[in-house]
Amino acid sequence: SCQVLDGDLKFLAKSLKPCSKNLEFFAIGLRNNEITSHGVYEIFKLIQNMQALKELQLDLCDLKISNGSFEIFGEDILPRLQVLHSLTLLLKGSPIADECIELILKNLPNLKGLNIDLGETLLSDKTVEMFIEEVLPRLEMLEYLSFTAEGTKISKENIAKIQKISESLEKKKAKTGNESC
């Protein structure tokens with residue numbers, strides 16, 4: 001198997017920088033690699049320059065990166081992605097603190113689609129409740145939601161609430177899709 005290292009990510013970021021402002025789609029899977037916060041930071045700096053980015057897919061599952069990296073993503077990167085309409089953020093098995101999850105969720109742009117996997121993290125019911133009560137109502141364009149929290153201590157009630165919201169979005173989209181025929 002091929003291991004990706006921090007130096008590889010620095011090279012990738014440097015190579016893509018000249019065209020990064022015009023990229024509308026960016027996906028990178030880094031799961032199960034020997035990457036540190038330094039390598040992830042290089043990718044985050046690259047993403048920060050993607051002014052035309054409409055769809056972002058980040059697979060950071062099982063990476064042992066610092067909470068500082070997640071804070072940078074939540075505070076500095078997400079607020080700059082003004083035209084982003086679809087985000088896939090896979091963090092299963094990462095050591096992300098609940099406070100960093102909350103920061104990322106609070107700073108989500110007005111998305112049409114959100115796929116987030118927080119399985120086997122320190123996600124709390126408090127953060128899920130904040131997401132349900134504060135974040136989801138302001139995501140006015142949201143048409144699709146997939147929220148995974150397997151292997152966490154989230155209550156069945158909160159999982160059911162998110163599942164209900166996700167199902168209602170699917171029904172709403174199906175209904176509006178039928179009207180346009």
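Conventions adopted
- Residues numbered from 1 in each chain as written.
- Predicted model: local features only at pLDDT ≥ 70, side-chain atom pairs only at ≥ 80, totals over all residues.
- Heavy atoms only, no water.
- Buried < 20%, exposed > 50% of the residue type's maximum accessible area, 1.4 Å probe, protein only.
- Helix = DSSP H or I, 4+ residues; strand = E, 2+ residues; numbered from the N terminus.
- Pairing = 2+ DSSP bridges.
- Right-handed = clockwise from strand over helix to strand, strands pointing away.
- Salt bridge = Lys/Arg side-chain N within 4 Å of Asp/Glu carboxyl O.
- Disulfide = S-S within 2.5 Å.

Student: What should I look at first to understand the pairing of strand E1 (residues 25-29) in this one?
Tutor: Here is the key point about a regular strand: its side chains alternate between the two faces of the sheet. Burial along E1 is one-sided: the residues Phe 26 and Ile 28 are buried and none of Phe 25, Ala 27 and Gly 29 is. With five bridges joining them, E1 and strand E2 (residues 55-59) adopt parallel strand pairing. Following the sheet pairing, Gly 29 is matched in E2 by Asp 59. Each parallel crossover has a hand, and the one from E1 via helix H2 (residues 37-48) to E2 is right-handed.

Student: Explain the pattern of salt bridges here, please?
Tutor: Any two side chains of opposite charge can pair, given that their charged atoms come close. Counting across every chain of the model gives six salt bridges. Taking the shortest distance from any N to any O, the salt bridge between Lys 92 and Glu 120 comes out at 3.7 Å. Separated by 28 residues along the polypeptide, Lys 92 in the loop between strand E3 (86-90) and helix H4 (98-106) and Glu 120 in the loop between strand E4 (113-117) and helix H5 (125-138) bring together distant segments of the chain. Overall, Lys 92 belongs to the partly exposed group, its relative accessible area being 30%. Where Glu 102 meets Lys 126, a salt bridge forms, and the shortest distance between an N and an O atom there is 3.3 Å. Of this pair, Glu 102 sits in helix H4 while Lys 126 is found in helix H5, placing the two residues 24 residues apart along the sequence. Taken together, the shared-partner salt bridges in this structure form one network comprising Glu 102, Lys 106 and Lys 126.

Student: Explain the state of the cysteines here, please?
Tutor: What we call a disulfide is simply a covalent bond connecting the sulfur atoms of a pair of cysteines. Inspection of every chain in the model, using the stated rule, returns zero disulfides. Just so you know, Cys 61 is unpaired, no disulfide at all, and the nearest cysteine sulfur is the one on Cys 100, 16 Å from it. According to the relative accessible area criterion, Cys 100 is buried, its value standing at 3%.

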